[in-house]
Amino acid sequence: MSSSARLLPASSLRWTCDPAALGFSSTEELPAPDRVVGQDRAVASVRFAIDMAHPGYNLVAVGPDGVGRHSVVRQFLEAEAARRPAPPDLVYVHCFADSATPMALTLAPGQGPVLQKTAAALVDELQAALTAAFESEDYLDRRQYIHDQAEAARESIFEAVKEKAREQGLVVLRAPGGVVLAPLVDGEVVPSEQFETLDAETRARIDAAMAAIHDDVNEAVRKMPGLQKRAREMVAALDREVARAAIAPPFADARARHADPAVQAWLDAMAADVVENHEHFLPVSEDEGIDLAEALRGTADTDDDGWSSLRRYRVNVLVSHDPAGGAPVVQEDDPNLGNLLGRIEHVASFGALTTDFTRIRPGALHRASGGFLVLAARRLLTEPLAWQYLKQALRQGQLRIPPASDMGLSISTVSLQPGPFALDVKVVLVADRLLHYLLTETDPEVARLFKVVADFDEDMDRTADLDGMAALVGALARTHGLLPLDAAAVAAVLEHAARMASHQQRLSTHVEALSDLLREADHHARRAGHAPIGAADVHAALAAARYREGRVRDHSHRAILERTIRVPVEGAEVGEVTGLTVLTVGRSEFGLPVRISARVGAGDGEVIDIEDEVELGGPIHGKGVHILRGFLRGRFGAKRPLAFAATLTFEQSYSEVDGDSASMAEALCLLSALAGLPLRADVAVTGSMDQHGRAQAVGGVSDKIEGFFALCRARGLTGTQGVVLPATNVPHLMLDADVVEAVAAGRFHVWAVDHVDEALALLAGQPAGTEGPRGGWSRDSVNGRVARRLRALSRAGEAPSGEGARSRDEGER
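About the thresholds
- Residues numbered from 1 in each chain as written.
- Predicted model: local features only at pLDDT ≥ 70, side-chain atom pairs only at ≥ 80, totals over all residues.
- Heavy atoms only, no water.
- Helix = DSSP H or I, 4+ residues; strand = E, 2+ residues; numbered from the N terminus.
- Rg over C-alpha atoms; globule rule 2.2 N^0.38 Å.
- Buried < 20%, exposed > 50% of the residue type's maximum accessible area, 1.4 Å probe, protein only.
- Contact = heavy atoms within 4.5 Å.
- Areas by Shrake-Rupley, 256 points an atom, 1.4 Å probe, with all protein chains shown as cover.
- Pairing = 2+ DSSP bridges.
- Patch = residues over 30% accessible without salt bridge, like charges linked within 9 Å, V, L, I, M, F, W, Y side chains within 5 Å.
- Salt bridge = Lys/Arg side-chain N within 4 Å of Asp/Glu carboxyl O.
- Lys, Arg positive; Asp, Glu negative; His and termini not counted.
- Charge placed at Lys NZ, Arg CZ, Asp CG, Glu CD.
- Phe/Tyr/Trp six-rings, centres within 6.5 Å; stacked < 30°, edge-to-face > 60°.
- Lys NZ or Arg CZ within 6 Å of the ring centre and 35° of its normal.
- pLDDT = per-residue confidence, 0-100.
- Axes fitted to C-alpha atoms, helices over the stretch in contact; angles between N-to-C directions.
- Nonpolar A, V, L, I, M, F, W, Y, C, P; charged D, E, K, R; others polar.

### Brief notes about the overall build of the chain
The helix and strand tally for the chain stands at 26 helices and 31 strands. Computed over its C-alpha atoms, the radius of gyration of the chain comes to 47 Å, more than 25% above the 28 Å expected for a compact globule of 813 residues. Along the three orthogonal principal directions, the C-alpha set of the chain runs to about 165 × 75 × 50 Å. Burial analysis of the chain (813 residues in total) assigns 48% to the buried set. Restricting to contacts in the chain with at least 6 residues of sequence separation, those with at least 24 account for 77%. Summed over its atoms, the accessible surface of the chain is roughly 38600 Å², and 51% of this surface lies on carbon and sulfur atoms.

### Here's the deal with the pairing of strand β24 (residues 606–609)
Taking every second residue as pointing to the same face, the buried face of β24 carries Val607 and Asp609, while none of Glu606 and Ile608 on the other face is buried. Pairing between β24 and strand β25 (residues 644–650): 4 bridges, direction parallel. If you follow Glu606 over to β25, its bridge partner there is Ala645.

### With respect to the pairing of strand β3 (residues 89–93)
Of all 5 residues in β3, 5 are buried, a share of seventy percent or more. The side-chain alternation of β3 yields two buried faces, one formed by Asp89, Val91 and Val93 and the other by Leu90 and Tyr92. For β3 and strand β4 (residues 103–107), the ladder comprises 5 bridges, and the chain directions are antiparallel. Pairing of Val93 across the sheet is with Met103, part of β4.

### Structural notes on a negative patch on the surface
Together, Asp604, Glu606, Asp612, Glu613 and Glu615 give the surface a local cluster of negative charge. A relative accessible area of 41% means that Asp612 is categorised as partly exposed.

### Let's talk about the packing of aromatic side chains
Under the criterion given, the structure shown has 10 aromatic pairs. Connected via pairs of aromatic rings, a cluster forms that spans Phe96, Trp266, Phe281 and Tyr313. The ring of Tyr57 carries the charged tip of Lys451 above its face, separated from the ring centre by 5.8 Å.

### So, the confidence of the model for the chain
Of the residues in the chain, 91% reach a pLDDT of 70 or more, and the chain-wide mean stands at 88. Within the chain, helix α8 (residues 292–297) has the poorest average pLDDT of any element, 42, and strand β31 (residues 749–753) the best, 98. Low confidence marks residues 290–308, where pLDDT is under 50. Its contacts with residues over four positions away, or in another chain, come to 39 contacts. Note on residues 799–813: pLDDT is under 50 here. Beyond four places in sequence and across chains, it has 24 contacts.

### A look at the packing of helix α16 (residues 487–501) against helix α18 (residues 535–548)
Between α16 and α18, the shortest axis-to-axis distance is 7 Å and the interhelical angle comes to 35°. Residue-level contacts link Ala488, Ala489, Ala492, Val493 and His496 of α16 to Ala535, Val538, His539 and Leu542 of α18. Residue classes in the contact of α16 with α18 are distributed as 7 nonpolar, 2 polar and no charged.

### Re the environment of Thr131
Tracing the chain through its elements places Thr131 in helix α3 (residues 111–134). The class for Thr131 is buried, based on a relative accessible area of 13%. With 151 residues separating them in the primary sequence, Thr131 and Leu282 have C-alpha atoms 5.6 Å apart.

### Some remarks on the pattern of salt bridges
Applying the stated rule across the entire model yields 39 salt bridges. The salt bridge partner of Arg35 is Asp34, with a shortest N-O separation of 2.7 Å. Of the residues examined, Asp34 reaches a relative accessible area of 67% and is grouped as exposed. The partner of Arg713 in a salt bridge is Asp738, and the shortest N-O contact between them spans 3.0 Å. Remark: Asp738 occurs in helix α24 (residues 737–744) and Arg713 occurs in helix α23 (residues 701–715); sequence separation between them is 25 residues. Residue classification places Asp738 among the partly exposed positions, given a relative accessible area of 30%. Connected through shared salt-bridge partners, Lys391, Arg395, Asp443 and Glu445 make up one network.

### Concerning unusual backbone geometry
The peptide bond linking Ala531 to Pro532 adopts the cis configuration, its omega dihedral lying at 0°. Inspection of the secondary structure puts Pro532 in the loop between α17 (511–528) and α18. Positioned with a positive phi, Ser502 is a non-glycine residue whose angle comes to about 55°. In this fold, Ser502 is placed in the loop between α16 and β20 (506–508). Accessibility expressed as a relative area gives 38% for Ser502, which makes it partly exposed. One non-glycine residue, Gln652, lies in positive phi territory at about 55°. Inspection of the secondary structure assignment puts Gln652 in the loop between β25 and α22 (663–675). Here Gln652 falls in the partly exposed class, since its relative accessible area comes to 26%.

Next comes the structure, spelled out in structure tokens:
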């Protein structure tokens, strides 16, 4: 390579926002943004999902935490929900044909509580009407008449039998089990214990008389139950007649208030049930208890006023909506199965769990039906069965309460199978990208049920909407009740947003982090007793946060300064280069210099990565080492095998190393070791490279440079120290002001390179060299020295006869 490393001017090391160019003096002058700043693609997806009424067009909002996924989605959902009509009320009522399958009714918005009140008032009216009817003189007289008629019939039959018995010298006595015949002797009833003391002739006469009348007595006894049954049937018919007449006016009023056909049908079934069970509405005597069978079914209880249970005539309003309130927007933060799809509560009764339809509770899908439901995907997927039931509900378009067995009730229970509701809901899952990718890969139903993806971006083009970003800063301050910011403070916030985005032309859209910065700057301004918030307050907030989170960083730097960890910043070493790494500890990220070394000897071209050998190297780092092997093989092994072996390591590194940002530094180490030339220790290197030696951009360059600068400043800036990075990384630089000032003063330097040879020439202080048409390298170049060393290693491995040796070294020109 003939080009050389380019020394960067201080102006290229960060983007600086001019407060005067913002066009305002305080955020109080700025209107609220009329759009979502920096999320045009995601907003288009959200709007599309909202507008699509077809099944399956549910939405997944993906992106990192803190970019406003929840708030933006809710903003659009709530705006759309306000324009939509309110959805129907959802209620459950008792199914009189099958108590185990409660009926699901959908009513006009706001009509659920109305029906509930109607049913409660109806029960009160029925109690009064039925009590009055069954305590009326007319009813009692008619009932007494039936009783008297039945008693007269019984007495007639009994008297006929008594007359026949008297003719035979017998008497008919009533007993608890029916009637018994007893003999008469001298007009006196003969007890059974005296019967055997009678003479034989008398006993024979009595036995004959009893035999003669036996059939008549049996016939009379046989007729008695029939008479009683007919009397009961007549009383029951009378009761039904009276009950129908008594309940007709209250039910007529109830029907007049509810024209819904489903409600009318339920009222008709309720009326028929009331007629058949009118006794439940009548006063209960004090000595009456709760029926055991009803108690075991969970349908019996006693209200405070002493009336028997009338629970089956209640109305269970699951969800009711204000008719003028629009569609619902529901966010369920704890999407377990019960909270999502509803549940049936049970109560302990006589050693079993019992329930009824009044104990059915709604889930988030019930509350969101007719509107929108927002769920956190990670929380949803950690809840057993919740994801499967949600997909089933969306597939079928029906909302069913899960069975008790899926709710974790394993003991004996009496449960229900409530009827389903039609489901009309738009579901929004909020997920990070990796989770969404994994879910889409492993579950094919995701693509069918969640057809729309709103991908929220981490950053935005600075030049496209700088004014919008400034307005967003002002809006965040107002939203959180903070002091206004002056233009210089907004400029400082925007510069930090560029630092967060790691790009001079882009701004971070991490609304949560920007809000935190504004809160902390507000804190500093209030403590200083001034307003508005100034740039100094923003810088103080950033410095304070860096200090609070910097314990590990400071400990690591101290270990280097104390030379516990060896990282030289002066002199030169053979086979050693100062590399730059980024460590992440919690929310803190910081750059840390590290010494990378290489050793070479005779071998077969193998480059051993010690980190990989001891399982401290990640896969991307391993890929970088393989690329380095390809670079060496392509440059020096095109005509003959490489005859060296080398080892590479991060010295005094005891944790996992990953990423390929050290591959250019590792290449410099190897070339230095092969050439036997020392490399400058006062220049650190970061950057990836391809197999042709071209420098490639890496991440965290600002943190890395600042980490090395902090070490150099602590040991004393010499004016020669600096960092080499790929030229493609220059737009990513957003260095701290103290680094920029040092570069401007010539006390620190930053070089950009396009090829590893440019870095090699800078660190070695000699030309890297150019490759000739026959593949050789210029003799005094670094690459020429490498070629000679490789030739020597190759000859050392040849036979003593030296066959194949040539008079001129192909590695030199």
